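# Fold and contact review
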Amino acid sequence: MTPEDRERLTRIGRQFQVPGEFHDGHRIKIGHINETFAATYLHFEMPFRVVHQTVNTHVFRDPEGLMRNVVRVTEHLRRRLVWNGTDQIPRRVLQAVPARDGKFFHIDGDGVFWRTFIFVPDVRSYDAVETPRQAYQAGFAFGEFQSFLADLPASLLTPTIPDFHHTPKRFQRLQQAIARDEYNRGRLARKEIEFAESMADCVSRLVDAEARGEVPVRVTHNDTKFNNVLLDEQTGDAMCVVDLDTVMPGLILYDFGDMVRTTTSRTAEDEVYLDRVELEIPMFEALLKGYLTAARSFLTPSERSLLVFSGKLLTFTIGIRFLTDYLEGDQYFRIHREHHNLDRCRKQFRLIESIMEKEDEMEALVEKLWEA
């Protein structure tokens, strides 16, 4: 930890109701958007660990509404866990720490928005799925998350990023970025642009189904990457769903689709060796089995019928977001190398091709496991 980060965390820690004095901390290198730090405080020589995190207010324009969502959802989840008699509840749901003024955030002198959570011990996340058992755990974790929130009216939550998964609007923005080509990158992404344009016919299918009332709006996570599930270090069981910034009204198909994107290929989100990228049927089957185990009770027939399609569409949606950001000069996603967003886009588009090659087999698994 740099002296600057240490001084910064010491100052921030005093603004939250954290017992003890700051002892140590380190930066956690996860996420595209926010800065995250793990910090240890000593209270009568006993360690108390928390996570301090900034919120990017350029991305999240209503951070106070975001934190109201987080607190409302985590309290609802905690009540459900207590009702079910679940053990180890502090490890199974995030708990926000209030600031000294009672709010669940603090804005520092530089205008940076901070929040604090109690650290979840003895867990880890993975950037890429490694085994079918992990895929099952991810499916079960997000299915249970949706199930526990099924009785929470979506209207009570604030949309933290309006139209976050609105594929037609994402596609329209891509077309605008292609036309402007402000950074002269279109020539480097010509193949990816042509692929995106070839998928134009499918972009509105889910928003049209929502508009017709065929699929309901629910409380959804909206960022169901595999690394947003914390697994127990010893057992490998799913313990806690994290990164709740985009929990808001949405379609469960967006959540399941993003699970397919991030949990069915043992490759990182920015894999550059595209011959390694494929949807693995054993991973998809395990993911689906875990998800249906937790979510079957509330899914409608229309939602079930679109599960496989959602994997293709969400992978496409994220792919064009990476491509758009690349063409717009890497303004949204944090990058770590030149052409990083283009690499991310290429991985998504290769996965779409693999999904289309195996679509019939995936649909057959949905029918089989639904009836099981």
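We now turn to the structure provided with this report.

What counts and how
- Residues numbered from 1 in each chain as written.
- Predicted model: local features only at pLDDT ≥ 70, side-chain atom pairs only at ≥ 80, totals over all residues.
- Heavy atoms only, no water.
- Helix = DSSP H or I, 4+ residues; strand = E, 2+ residues; numbered from the N terminus.
- Buried < 20%, exposed > 50% of the residue type's maximum accessible area, 1.4 Å probe, protein only.
- Contact = heavy atoms within 4.5 Å.
- Phe/Tyr/Trp six-rings, centres within 6.5 Å; stacked < 30°, edge-to-face > 60°.
- Lys NZ or Arg CZ within 6 Å of the ring centre and 35° of its normal.
- Polar contact = N/O pair within 3.5 Å; in protein donor to acceptor, adjacent residues only side chain to side chain.
- Arc of directions from axis to C-beta.
- Disulfide = S-S within 2.5 Å.
- Pairing = 2+ DSSP bridges.
- Axes fitted to C-alpha atoms, helices over the stretch in contact; angles between N-to-C directions.
- Parallel < 35°, antiparallel > 145°, perpendicular 65-115°, else oblique.
- Left-handed = near helix turned anticlockwise from the far one by under 90°.

### Here's the deal with the overall build of the protein chain
A count of helices and strands for the protein chain gives 12 helices and 10 strands. For the protein chain, the spread of C-alpha atoms along the principal axes amounts to about 60 × 55 × 35 Å. Counting only residues that meet the buried cut, the protein chain has 55% of its 372 residues in that class. For the protein chain, the share of sequence-separated contacts (at least 6 apart) that also reach a separation of at least 24 residues comes to 74%.

### Re the environment of leucine 292
By the element assignment, leucine 292 lies in helix α8 (residues 281–295). For leucine 292, a relative accessible area of 1% gives the class buried. Considered as a pair, leucine 292 and glutamine 53 are 239 residues apart in the sequence and their alpha carbons are 33 Å apart. Excluding residues that lie within four positions of it along the chain, leucine 292 makes contacts with Leu299, Leu307, Leu369 and Trp370.

### Regarding the environment of alanine 96
Mapped onto the fold, alanine 96 is located in the loop between α2 (63–83) and β4 (106–107). Assessed through its relative accessible area of 12%, alanine 96 is described here as buried. Along the backbone, alanine 96 and methionine 67 are 29 residues apart, and their C-alpha atoms lie at a distance of 9.0 Å. With residues up to four places along the chain from it excluded, the contact list for alanine 96 reads Met67, Val71, Phe104, Thr116 and Phe117.

### Thoughts on the packing of aromatic side chains
On inspection of all chains with the given rule, the structure shows 12 aromatic pairs. Residues phenylalanine 316 and phenylalanine 349 carry aromatic rings whose centres are separated by 6.2 Å and whose planes lie at 20° to one another, so their mutual orientation is stacked. Taken together, the residues span a long stretch of sequence, with phenylalanine 316 in helix α10 (residues 307–327) and phenylalanine 349 in helix α11 (residues 340–357) at a distance of 33 residues. According to the relative accessible area criterion, phenylalanine 316 is buried, its value standing at 0%. The exposure class of phenylalanine 349 is buried, given its relative accessible area of 4%. Taken together, the ring pairs in this structure connect Phe171, Phe195, Phe316 and Phe349 into an aromatic cluster. Positioned above the aromatic ring of tyrosine 126 is the side chain of arginine 124, whose terminal nitrogen or guanidinium carbon lies 3.9 Å from the ring centre. A cation over a ring is seen here: arginine 296 above tryptophan 370, with NZ or CZ 5.8 Å from the ring centre.

### Comments concerning the side chain of asparagine 341
Mapped onto the elements of the fold, asparagine 341 is located in helix α11. Note on asparagine 341: relative accessible area 0%, which makes it buried. Engagement of the side chain of asparagine 341 in a polar contact is seen with the side chain of aspartate 325, the distance being 3.0 Å. Looking at asparagine 341, its side chain comes within polar contact range of the side chain of aspartate 330, at 2.9 Å.

### Focus: helix α1 (residues 3–13)
Within α1, the full set of buried residues consists of Asp5, Arg8, Leu9, Ile12 and Gly13. Along α1, the residues classed as buried sweep out an arc of 125° about the axis, all on the same side. In α1, the exposed positions angled more than 90 degrees off the buried face are occupied by Pro3 and Glu4.

### Some thoughts on the state of the cysteines
Structurally, a disulfide amounts to a covalent bond that connects the sulfur atoms of two cysteines. Taken as a whole, this structure holds zero disulfides when the rule is applied. In this structure cysteine 345 is not part of a disulfide, and its nearest cysteine sulfur, from cysteine 202, lies 14 Å away.

### A few points about the sheet that holds β4
Taken in spatial order, the five strands make up an open sheet running β1-β2-β3-β5-β4, and their pairing is antiparallel. This sheet does not close on itself; its edge strands, each paired only once, are β1 (21–28) and β4. In this sheet, strand β5 (residues 113–118) lies alongside β4 in antiparallel orientation, the contact comprising two bridges. Directly across from isoleucine 107, in β5, lies its bridge partner phenylalanine 113. Together, β1, β2 (36–43), β3 (46–55), β4 and β5 form the strand contacts of α1, whose direction differs from that of β1 by roughly 120°. Against the sheet, α2 touches β3 and β5, its axis set at about 15° to β5.

### What to know about the sheet that holds strand β9 (residues 238–241)
Pairing within the open sheet is antiparallel, and its three strands lie in the order β6-β8-β9. Both outer strands of the open sheet, β6 (123–124) and β9, are each paired with one neighbouring strand and no more. Bridge count for β6 against strand β8 (residues 229–232) is two bridges, and the pairing is antiparallel. Within β8, the position partnered with arginine 124 by the bridge is leucine 231.

### Structural notes on the packing of α10 against α11
Their axes nearest at 8 Å, the elements α10 and α11 cross at an angle of 160°. Classified by the interaxial angle, the pair formed by α10 and α11 is roughly antiparallel. The handedness of the crossing between α10 and α11 comes out as left-handed. On α11, the residues that touch Gly311, Lys312, Thr315, Phe316, Gly319, Ile320, Phe322, Leu323, Asp325 and Tyr326 of α10 are Asn341, Leu342, Arg344, Cys345, Gln348, Phe349, Leu351, Ile352, Ile355 and Met356.

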